[in-house]
Amino acid sequence: MSLSSLFGSLRIRNTLTITYSLIFIIIYAAASTVTYYQVRSIIMKQLDAELEESTTLILESVRTTAQVSIRSHLRTIANLNLELVEDYYQRFNRGVISEELAKSLATNRLLSQTVGKTGYTYVLDSRGTVVTHPNKGVEGNNYIDRQFIRDMTRRKEGFMTYYWRNPDEPNPLPKAQFIVYFEPWDWIIAATSY
């Protein structure tokens, strides 16, 4: 039985019902397909936006945590170094050792330290002259012309970040340091690291 003979044997009402039903099913399927892809596109865009926002928040959280950790670590080292210098100063005040020996011993202890893999401790005075530094060629030189040194001599205490380029490196790198001030010797003690 062919399709035309099947429709021919049905009453007109049944033929119209079947025809309209088929048209409705086709339109419904097409509309459902279009709706599905539109809703899918909207949901994917929202998911991408939420994922990007979550990633940004996580990245900021990691950066903040790292910054706080670095600051805390450098502060601890700087404060311990301040206590170390104060101890040598007290020995001098009690007459146990000379001031020159106290400074020499404190300097040796400060220079023997490393801060992480790339860091170190150094001292400068409030005029910007380096008192002690792991690079002996730096000691005794005045660097007040450098902005971060001017900031150090003005602040004398606290956390600082700046960019520094070593002679063997092509680009400056971010550097962090925590500084404390020992007034009796006019020493700004810095714990620094890349």
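Just above sits the structure.
Residues numbered from 1 in each chain as written. Predicted model: local features only at pLDDT ≥ 70, side-chain atom pairs only at ≥ 80, totals over all residues. Heavy atoms only, no water.

> Help me understand the packing of aromatic side chains in this model?
A ring pair, where both rings are aromatic, is described by two values, the distance of the centres and the angle of the planes. Summed over the entire model, instances satisfying the criterion amount to 10 aromatic pairs. Ring plane angle 75 degrees and centroid distance 5.0 Å describe the contact between Tyr36 and Tyr37, whose orientation is recorded as edge-to-face. Overall, Tyr37 belongs to the exposed group, its relative accessible area being 52%. Consider the rings of Tyr89 and Phe182, whose centres lie 5.3 Å apart with planes at 75 degrees: the pair is edge-to-face. Here Phe182 lies in strand 4 (residues 173-182) and Tyr89 lies in helix 2 (residues 12-93), a separation of 93 residues in the sequence. Classification of Tyr89 by relative accessible area gives buried; the value is 18%. Taking the relative accessible area as the measure of exposure, Phe182 reaches 4% and is therefore buried. Among the aromatic residues, those joined into a cluster by ring pairs are Tyr89, Phe92, Phe182, Trp185 and Trp187. (Phe/Tyr/Trp six-rings, centres within 6.5 Å; stacked < 30°, edge-to-face > 60°. Buried < 20%, exposed > 50% of the residue type's maximum accessible area, 1.4 Å probe, protein only. Helix = DSSP H or I, 4+ residues; strand = E, 2+ residues; numbered from the N terminus.)

> Please explain a nonpolar patch on the surface as it appears in this structure.
A surface patch of nonpolar side chains, amounting to about 540 Å² of accessible area, comprises Ile12, Leu16, Tyr20, Ile23 and Ile27. Structurally, the position occupied by Tyr20 is in helix 2. Among the residues examined, Tyr20 registers a relative accessible area of 55% and is labelled exposed. (Patch = residues over 30% accessible without salt bridge, like charges linked within 9 Å, V, L, I, M, F, W, Y side chains within 5 Å. Areas by Shrake-Rupley, 256 points an atom, 1.4 Å probe, with all protein chains shown as cover. Salt bridge = Lys/Arg side-chain N within 4 Å of Asp/Glu carboxyl O.)

> Can you help me understand the side chain of Thr121 in this one?
Looking at the secondary structure, you find Thr121 in strand 1 (residues 120-124). In this structure the side chain of Thr121 is engaged in a polar contact, spanning 3.4 Å, whose partner is the side chain of Asn81. A polar contact is formed between the side chain of Thr121 and the side chain of Gln113, at a distance of 3.1 Å. (Polar contact = N/O pair within 3.5 Å; in protein donor to acceptor, adjacent residues only side chain to side chain.)

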